[in-house]
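Analysis of the macromolecular model
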Amino acid sequence: MAASRFLRPAGALAAAVILAGCASPASVRGTGDLGLVIERASGSVQIVDNTNRASLARVNGFGDLSHAAAVYSRDGRYAFVFGRDGGLTKVDLLQARVVARTVQGGNSIGGAISQDGRLVAVANYEPGGIKIFDAATLELLAEVPSTPGPDGKGAKVVGIADAPGNRFVYSLFEAGEIWIVDAADPRHPRTTRFRDVGKQPYDGLITPDGRFYIAGLFGEDGLVLVDLWDTGAGAKRILDGYGRGGEKLPVYKMPHLRGWAMAGGYAFLPAIGRDEVLVVDAKTWKQVAAIPVHGQPVFVMARPDGRQVWVNFAFPKNDTVQVIDVAALAVVQALKPGRTVLHMEFTARGDEVWISARDDDRLVVYDTASFERRAELPARSPSGIFFTWRAHRIGL
Amino acid sequence: MLDARSRRPSPAPHTGRAGCRLAAALAAAAVATAAHAADPPPAREAELVRLVRQDCGSCHGMTLRGGLGPPLTPQALADRPEAMLAATIIHGRPGTAMPPWRPFVTEAEADWIASRLKRGLGDDGR
């Protein structure tokens, strides 16, 4: 790593403190207000501080981050970054350096960390399946290949999430299945399969309490729900045929379900091929509303207190972010953070939100109460933003 | 209200600006048909390369080595005729996740993209 030129004075000072290492008491600090920003085109990440709205360091050497995700160790010090090229990289936020890295597959989409923090699972497109690693060393402990799709190749894994009991839950795109892998004995994981759950599950999520796993379907209008308290009940279809009768628009970017929104007793979900956010009663899983929005939603994320839901949009309407008021179930604000908004991340208690504007090479920080811009930070083609509070959330 | 303008063309061709753009696109297509497979102007070429990497890349990967969609490298496309690729770009593939890109590229531009994909897009844009 290098204390790069782009560091602002406050950031440079903080980085210098970090670089001084852990030997000096002056360097002691927590990580609770730190985070990572993926710089997708250059294979680098920035380490950022969301109290001082500062960039602390840039770390290079992550390979192809054109699609990337990150999870955190439970001490909030290390991030595990999953790159498009199958790279799994463990980075130390305090020392701003890569401490372990393995290229474990040909093409990956994301991963998850186990409840006990000891295992990291990577979801692979190529070869289809998951691999489970020791979080301390990145030693490979087990592989779970997926069943073949219609093309004979192992189906692509999407929507991986951790579940209580050191389990990982995910969906198979071509095969139309949901799998639960129990990694209580990490070298001998046990798999529970739910077959024929629906056509082309494209992403999935787990509710914040770790009870319900929900996969979105691309191949048909609907979602699939598995109750992890009652797996014997099987996979259940919800919102079957939502928006039936209306014509579906072409989809230029798949929505993401992870980091989704539970707020006010509702779940807020992106509608596939529609300029709508679906509102679902989280007790009955019945649709209660469809809120018209600016474009096709990509991320639909609740502010941590659940009063607001923020939405960004697919190409070509990706210069806009809208805010839904949960009490009113209506859009109350539209913002233009920059060209090609790819991701949003709230601070732990939601006073501010960080937004990446890829084609303007910047991060924009907004106050979520006044919607004022608090700061702008330069970043190279920024995409995902991941703050360390994720370390303590089931499913993130 | 939304005030700032999107840099990218709107898919709804009923607004004034998009209407002009559509007319321009049709004119460009007509010219391109007359002078078969004429290359787009350099500035537009750069835009198209960016579109392929960044937006086709949402599914096919920014390096075009595949994602939820199949790889679009010269090796992967070796046995696919250019005309078929261009038609897939324009019309999409019903029954799959591939959408039609007709709102954003002309047929001549799709031909150009297909030919560039067959040759390899190079490292620009990375």
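In what follows, the structure referred to is the one given above.
So, here's what we can say about the structure. (Residues numbered from 1 in each chain as written. Chains lettered and ligands numbered in written order. Predicted model: local features only at pLDDT ≥ 70, side-chain atom pairs only at ≥ 80, totals over all residues. Heavy atoms only, no water.)

1. Let's talk about the overall build of chain B
Applied cut-off: By definition, any uninterrupted DSSP run of H or I lasting at least four residues is a helix, any uninterrupted run of E lasting at least two residues is a strand, and each is numbered from the N terminus. For every residue, the accessible area (1.4 Å probe, protein chains only) is compared with the maximum for its type, and the residue is labelled buried under 20%, exposed over 50%, or partly exposed between those bounds. By the convention used here, residues are in contact when the closest approach between their heavy atoms is within 4.5 Å.
Of regular secondary structure, chain B possesses 4 helices and 0 strands. Along its sequence from the N terminus, chain B presents helices and strands in the succession α-α-α-α. The buried share of chain B, reckoned over its 126 residues, is 38%. By sequence separation, contacts in chain B at least 24 residues apart represent 52% of the contacts at least 6 residues apart.

2. Section: the sheet that holds strand β12 (residues 157-163) of chain A
For sheets, the rule is that strands pair by backbone hydrogen bonds, running either parallel or antiparallel. Residue and element names in this part refer to chain A. Note the cut-off: When DSSP finds two or more bridges between a pair of strands, those strands are recorded as paired. Geometry is summarised by axes, namely lines fitted to C-alpha atoms with helices restricted to the contacting stretch, and by angles between N-to-C directions that run from 0 to 180 degrees.
What the 4 strands build is an open sheet, ordered β12-β13-β14-β15; its pairing is antiparallel. Looking at which strands have only one partner, the edges of the open sheet turn out to be β12 and β15 (190-194). Each neighbouring strand pair of the sheet contributes to a mean axis angle of 20 degrees, computed without reference to strand direction. Sheet topology places β12 next to strand β13 (residues 167-172); 5 bridges connect them, and they run antiparallel. By the bridge assignment for β13, A161 is matched with V169.

3. Section: the nonpolar core
Residues and elements named next belong to chain A. We count it as follows: Among buried residues, those of type Ala, Val, Leu, Ile, Met, Phe, Trp, Tyr and Cys that are joined through side-chain atoms within 4.5 Å constitute a nonpolar core.
Counting 46 residues, the largest nonpolar core has I130, I132, I160, Y170, I214, L269 and W285 as the members making the most contacts within it. Leaving out residues up to four positions away in the same chain, L269 has contacts with L205, L223, L239, L257, W260, E276, V277, L278, V280 and V300. Core analysis: the next-biggest nonpolar cluster, separate from the first, contains 33 residues, V45, L56, L88 and L138 among them.

4. Focus: the interface of chain B and chain A
Worth spelling out the cut-off: Any carboxyl oxygen of Asp or Glu within 4 Å of a side-chain nitrogen of Lys or Arg constitutes a salt bridge here. Each residue is assigned to one of three groups, with Ala, Val, Leu, Ile, Met, Phe, Trp, Tyr, Cys and Pro labelled nonpolar, Asp, Glu, Lys and Arg labelled charged, and all others, Gly among them, labelled polar.
The interface is formed by 30 residues belonging to chain B together with 27 residues belonging to chain A. At the junction of chain B and chain A, the tally comes to 1 salt bridge. For R50 of chain B, the salt bridge identified is with D359 of chain A, shortest N-O distance 2.5 Å. For the side of chain B that touches chain A, the per-class residue count stands at 14 nonpolar, 8 polar and 8 charged.

5. Things to note about the pattern of salt bridges
Residues and elements named next belong to chain A. A complete count under the given rule lists 29 salt bridges over all chains for this structure. The partner of E220 in a salt bridge is R237, with the nearest N and O atoms 3.1 Å apart. One end of the pair, E220, is in the loop between β17 (212-217) and β18 (223-227); the other, R237, is in strand β19 (residues 235-238), and 17 residues separate them in sequence. Exposure remark for E220: the relative accessible area of 24% places this residue in the partly exposed category. Note that R307 is salt-bridged to D325, the shortest N-O span being 3.0 Å. Here R307, found in the loop between β24 (297-302) and β25 (308-313), pairs with D325, found in strand β26 (residues 321-325); they are 18 residues apart in sequence, far enough to count as distant. With relative accessibility at 13%, the residue D325 sits in the buried group. Salt bridges here are not isolated pairs; linked through shared partners, they connect R339, D360, R362, R373 and E376.

6. Things to note about empty space enclosed by the protein
All names here are of chain B. Note the cut-off: Of the two site types, the cavity is a set of points on a 1 Å grid over the protein atoms alone where a 1.4 Å probe fits but cannot get out, and the pocket is an open set with protein on both sides within 12 Å along at least five of seven lines, each lined by residues with an atom within 4 Å of a point. Grid points are joined across faces, edges and corners, and a volume is the space filled by probe spheres set on the points.
One pass over the structure, following the stated rule, counts 3 cavities of 30 Å³ or more. Looking at the largest cavity, its volume works out to about 820 Å³. Sorting elements by how many residues they give to the lining of the largest cavity places helix α2 (residues 42-60) first, with 5 residues. Classifying every residue of the lining of the largest cavity by side-chain character gives 26 nonpolar, 16 polar and 8 charged.

7. A look at the packing of aromatic side chains
Put simply, the test is: Only Phe, Tyr and Trp rings are paired, with Trp represented by its six-membered ring, and only when their centres lie within 6.5 Å; those with planes under 30 degrees apart are stacked, over 60 edge-to-face, the remainder tilted. By the criterion adopted, a ring carries a charge over it if an Arg CZ or a Lys NZ lies within 6 Å of its centre and within 35 degrees of its normal.
Applying the stated criterion across every chain yields a total of 12 aromatic pairs over all chains. When the ring of W310 of chain A is compared with that of F346 of chain A, the centres are 6.0 Å apart and the planes differ by 85 degrees; the resulting orientation is edge-to-face. Residue W310 of chain A is located in strand β25, and its partner F346 of chain A is located in strand β28 (residues 341-346); the two are separated by 36 residues in the primary sequence. For the pair W310 of chain A and F346 of chain A, one class covers both residues: buried. Note on W354 of chain A and F387 of chain A: the rings are 5.4 Å apart at their centroids and 90 degrees apart in plane angle, and the pair reads as edge-to-face. Taken as a pair, W354 of chain A in strand β29 (residues 352-357) and F387 of chain A in strand β32 (residues 382-387) lie far apart in primary sequence, 33 residues in all. Classification of F387 of chain A by relative accessible area gives buried; the value is 1%. Taken together, the aromatic side chains of Y252 and F315 of chain A together with W101 and F104 of chain B make up a single cluster linked through ring pairs. Here K90 of chain A stacks its cationic end above the ring of Y78 of chain A, 4.7 Å away from the centre of that ring. Here K248 of chain A stacks its cationic end above the ring of F218 of chain A, 5.8 Å away from the centre of that ring.

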